[in-house]
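Results of the structural survey
Here's the letter readout for the chains.
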Amino acid sequence: MYSQDSISGHRRGRPEPTAETLSGLACLICGTDYRDARGNAPVPEAVVVSHRDGKQLLACHGTCARMASGSVDGLDETPLPLAERVRRHGAGGS
């Protein structure tokens, strides 16, 4: 389990989100790319942890979600389907 000091320090030191993170294609905390679900590697369940510019920000269920939002389950909101997030990302994020 992470301490509150560790979580707060991580939040302060985090760089600005990438375009993929803003489109919901990568974890806000660890950077896991959710598009890898098409390959052989299992991808962790993504949960909505925040919003920015009207878009959902996602994190991996568990530790990443807790570090991003304070809850291992994130917000009580269903993430957009991966195909829709990829489509919006390819269309310039609209």
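Placed above this text is the structure.
These notes cover the structure that comes with them. (Residues numbered from 1 in each chain as written. Predicted model: local features only at pLDDT ≥ 70, side-chain atom pairs only at ≥ 80, totals over all residues. Heavy atoms only, no water.)

1. Points about the nonpolar core
Going by this rule: What makes a nonpolar core is a set of buried Ala, Val, Leu, Ile, Met, Phe, Trp, Tyr and Cys residues whose side-chain atoms join them at distances within 4.5 Å. Type-normalised accessible area, obtained with a 1.4 Å probe on protein chains alone, sets the label of each residue: buried when under 20%, exposed when over 50%, and partly exposed for intermediate values. A run of H or I in DSSP counts as a helix once it spans at least four residues, and a run of E counts as a strand once it spans at least two, with each numbered from the N terminus.
In this structure, Cys27, Ile29, Tyr34, Val49, Ala59, Cys64 and Ala68 are the most contacted members of the largest nonpolar core, which totals 16 residues. Among the elements of the structure, strand S1 (46-52), strand S2 (55-60) and helix H3 (63-69) are those that each provide at least two residues to this core.

2. A closer look at a negative patch on the surface
Worth spelling out the cut-off: Candidate patch residues must exceed 30% relative accessible area and have no salt bridge, after which like charges are joined if within 9 Å and Val, Leu, Ile, Met, Phe, Trp or Tyr side chains if within 5 Å. Calculation of accessible area relied on Shrake-Rupley with a 1.4 Å probe; when residues are assessed, cover is drawn exclusively from the protein chains displayed. Between Lys or Arg on one side and Asp or Glu on the other, a salt bridge is scored when a side-chain nitrogen of the former is within 4 Å of a carboxyl oxygen of the latter. Just so you know, the count uses Lys and Arg for positive and Asp and Glu for negative, and it drops His and the chain ends. Charged groups are reduced to one reference atom each: NZ for lysine, CZ for arginine, CG for aspartic acid, CD for glutamic acid.
A cluster of acidic residues, Glu45, Asp73, Asp76 and Glu77, forms a negative patch at the surface. Here Glu77 shows up in the loop between H3 and helix H4 (82-90). A residue is classified by how much of its surface remains accessible, and Glu77, at 31% relative accessible area, is partly exposed.

3. A look at the state of the cysteines
What counts here: For this text, the term disulfide refers to a pair of cysteine sulfurs within 2.5 Å.
All chains considered together, the criterion is met by zero disulfides. The thiol sulfur of Cys30 is not disulfide-bonded, and the nearest other cysteine sulfur, from Cys27, lies at 3.7 Å. This cysteine, Cys60, is not joined by any disulfide, and Cys27 carries the nearest cysteine sulfur, 3.8 Å off. Cys60 sits in the buried class, given a relative accessible area of 6%.

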